[in-house]
Amino acid sequence: MKSQYLCLLAYILIFPTLLSCSSSSDEKGEQTPYLETSYSDPVHVDLDKIKERGKLIAISSYSPTSYFIYRGQPMGYEYELLKRLANYLELDLEIKIAYNLDNFIEMLNTGEGDLVAHSLSITKPRKKFVDFTEHYTVTRQVLVQRKPENWRKMKLHEIDKQLIRDPLELIGKTVHVRKNSSYYRRLINLSQEMGGDIIVEPLDGNLETSEIIKMVNNGEIEYTIADEDIARINQTYYRDLDVATAVSFPQRLAWMVRKTSPKLKAKVNQWLAEEKKGSDFYAIYNKYYKNQKRFRTRVSSEYFSLTGGKISEYDEAIQSSAAALGWDWKLLASQIYQESRFEPETESWAGAKGLMQLMPSTAKEIGDYNLYDAEESIKAGVKYLQKMSKYYRDIPDSVERIKFVLATYNAGPGHIRDARRLAEKYGKNPDVWTENVEDFILLKSQKKYYSDPVVSNGYCRGEEPYNYVNDIFKRYQVYQDLLETKAADEEAVALQKP
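Residues numbered from 1 in each chain as written. Predicted model: local features only at pLDDT ≥ 70, side-chain atom pairs only at ≥ 80, totals over all residues. Heavy atoms only, no water.

S.K.: Describe helix H9 (residues 209-217), naming the residues involved and giving the relevant values.
M.R.: Taken together, the buried positions of H9 are occupied by Thr209, Ser210, Ile212, Ile213, Met215 and Val216. A positive phi of about 80° marks Gly219, the residue just after H9. (Buried < 20%, exposed > 50% of the residue type's maximum accessible area, 1.4 Å probe, protein only. Helix = DSSP H or I, 4+ residues; strand = E, 2+ residues; numbered from the N terminus.)

Given below as structure tokens:
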């Protein structure tokens, strides 16, 4: 490894000018480096406008480390950090998926999001169009290649002889990478530094690095380049891969912000500096990039959204029951996750039982159900939801009607009736939950409101139904985004097959 590092150092010392933003090969039009293009002028949306909106919109990717669903729970390194950032900024969080990674800068500058949260190296070409936050980690680029077929029966030095261990050996070899990636430019520069051509084959921007690594593992391509942390965690699942050959010096990874968002950049940097002082920041990194056992378990699971596509082992029962209810099954799945995290033997401190956390007395009102049996619990919960729906037949908007039903499931019909009466009294729409009745369910924890003459059911800890509805719909949106993305990807692959 030391010899590889010295070799790279020699290349860069000998050819320092070749690391600039342009090169002779650019002028010839051969293997043009990435980002030699123009982008839209950035919109002027900074922290003050984001605060007015009340929501931080982050652009990220759907990948095994950044953002995904596992056993019904949204997870990912960027996702967890973004939640902490949004909480720090006292904002809600919305994540917008970049289906094509080549579009990160354009999406940011046109205002589709406020920042890009992804493993992006800080490079001069990118800095022409965007700003970067302070870096949050450092990595280097490595070559991803397959080990010999019988490597388990070979000695280490025998394996090394059949693998590329010196970047010079890449001359004449074909390496596949996304064109608008730092990997592409690194290979172009490396070719120039070595005085010989690496054949760089560009791939579509809709391919995540982990997907390209899988292509190497499957023998679809011979080589690719990846950040070392991504390569190593994927190697724990794809055991036939080798990722030990470095092709770059350490590089800083950071998030992108618009050049017109200096206040947001300053605030993110302030948050990042504070995060780095605590242990949670490093624990989150280790969770997704160092914990090999967890990674292998997730990737091999049918409940991992990128591979299996299931939300839970009860998906079929949920789909059947949701059809009877007239709901999208992913919405019902989100409610069940909220209630029990798909654990059928869960019992609350108050005695609510099963997947849908019904009280035994409530279950008896609607039928004879074994609440610890998953399918019966779902049927009982749906029957109770149908009963609650009858209270809101007069509400014209179907989505708002569902929100009232969910709030009632959580808090009971009496408190929701009170909140509707308060909304009407104070000039809000009693038929709209969002930013109308939800405001008054929150206010029912204050004496002025729970003692109002129009209120019949007294005090309510309104944060519970308020958060209940919001959390279910936020999770439902994640289910929608990520599972539909997977389905679209599978359809695209199927169409490409002869």
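From this point, the discussion proceeds with the structure in view.
S.K.: Help me get a handle on the packing of aromatic side chains, residues and values and all.
M.R.: Here the structure, examined in full by the defined rule, presents 22 aromatic pairs. Between Tyr392 and Phe404, the ring centres sit 5.4 Å apart and the planes meet at 25°, which makes this aromatic pair stacked. Pair noted here: Tyr392 is in the loop between helix H17 (374-389) and helix H18 (398-411) and Phe404 is in helix H18, with a separation of 12 residues, a long-range link. Measuring from ring centre to ring centre gives 5.6 Å for Tyr426 and Tyr449, while their planes differ by 55°; the resulting arrangement is tilted. Taken as a pair, Tyr426 in the loop between helix H19 (413-425) and helix H20 (433-443) and Tyr449 in helix H21 (residues 447-450) lie far apart in primary sequence, 23 residues in all. (Phe/Tyr/Trp six-rings, centres within 6.5 Å; stacked < 30°, edge-to-face > 60°.)

S.K.: Summarise the sheet that holds strand E11 (residues 223-227); cite the residues concerned and give the values.
M.R.: An order of E11-E8-E12 is seen for the 3 strands of this open sheet, with the pairing classed as antiparallel. For this open sheet the edge positions go to E11 and strand E12 (241-246), each flanked by a neighbour on one side alone. On average, each strand axis in the sheet is inclined to that of its neighbour by 35°, with strand direction left out of account. Taken together, the 5 bridges between strand E8 (residues 141-146) and E11 define a ladder with antiparallel strand orientation. From the neighbouring strand, Val144 faces E11, where its bridge partner is Thr224. Packing of H9 onto the sheet brings it into contact with E8, E11 and E12, and relative to E11 it is tilted by some 145°. (Pairing = 2+ DSSP bridges. Axes fitted to C-alpha atoms, helices over the stretch in contact; angles between N-to-C directions. Contact = heavy atoms within 4.5 Å.)

S.K.: So what's going on with the layout of surface pockets? Which residues, and what values?
M.R.: The computed volume of the largest pocket comes to approximately 1,400 Å³. Lining the largest pocket are 39 residues, and of these Leu93, Asn470, Phe473, Lys474 and Arg475 sit closest to its centre. Taken together, the elements giving at least two residues each to the lining of the largest pocket come down to strand E3 (73-75), helix H4 (77-89), strand E4 (92-97), helix H15 (329-340), H20 and helix H22 (463-496). If you tally residues by element for the lining of the largest pocket, the top one is H22, at 12 residues. When the residues that make up the lining of the largest pocket are grouped by side-chain class, the tally is 17 nonpolar, 7 polar and 15 charged. (1 Å grid on protein atoms, 1.4 Å probe; cavity = no way out; pocket = protein on both sides within 12 Å on 5 of 7 lines; lining within 4 Å. Points joined across faces, edges and corners; volume = space filled by probe spheres on them. Nonpolar A, V, L, I, M, F, W, Y, C, P; charged D, E, K, R; others polar.)

S.K.: Give me helix H11 (residues 262-275): which residues, what numbers.
M.R.: Side chains three or four residues apart in an α-helix point the same way, a direct result of the helix having 3.6 residues per turn. Compared with an ideal rise of 1.5 Å per residue, which puts 14 residues at 20 Å, H11 spans 20 Å between its outermost C-alpha atoms and is within 8% of the ideal. Leu264, Val268, Asn269, Trp271, Leu272 and Glu275 are the residues of H11 that are buried. Each buried residue of H11 lies within a common arc of 165° when the element is viewed along its axis, so the set occupies one face. The exposed set on the far side of H11, more than 90 degrees from its buried face, consists of Pro262 and Lys263. (Expected span 1.5 Å × (residues − 1). Arc of directions from axis to C-beta.)

S.K.: Can you tell me about the pattern of salt bridges, naming the residues and giving the values?
M.R.: Across all of its chains, the model carries 26 salt bridges by this definition. A salt bridge links Lys55 to Glu94; its shortest N-O distance comes to 2.7 Å. Of this pair, Lys55 sits in strand E1 (residues 55-60) while Glu94 sits in strand E4, and the two are 39 residues apart along the sequence. A residue is classified by how much of its surface remains accessible, and Lys55, at 28% relative accessible area, is partly exposed. Linking Glu228 and Arg140 is a salt bridge whose minimum nitrogen-to-oxygen distance equals 3.0 Å. Residue Glu228 is found in helix H10 (residues 228-235), and its partner Arg140 is found in the loop between strand E7 (137-139) and E8; the two are separated by 88 residues along the sequence. (Salt bridge = Lys/Arg side-chain N within 4 Å of Asp/Glu carboxyl O.)

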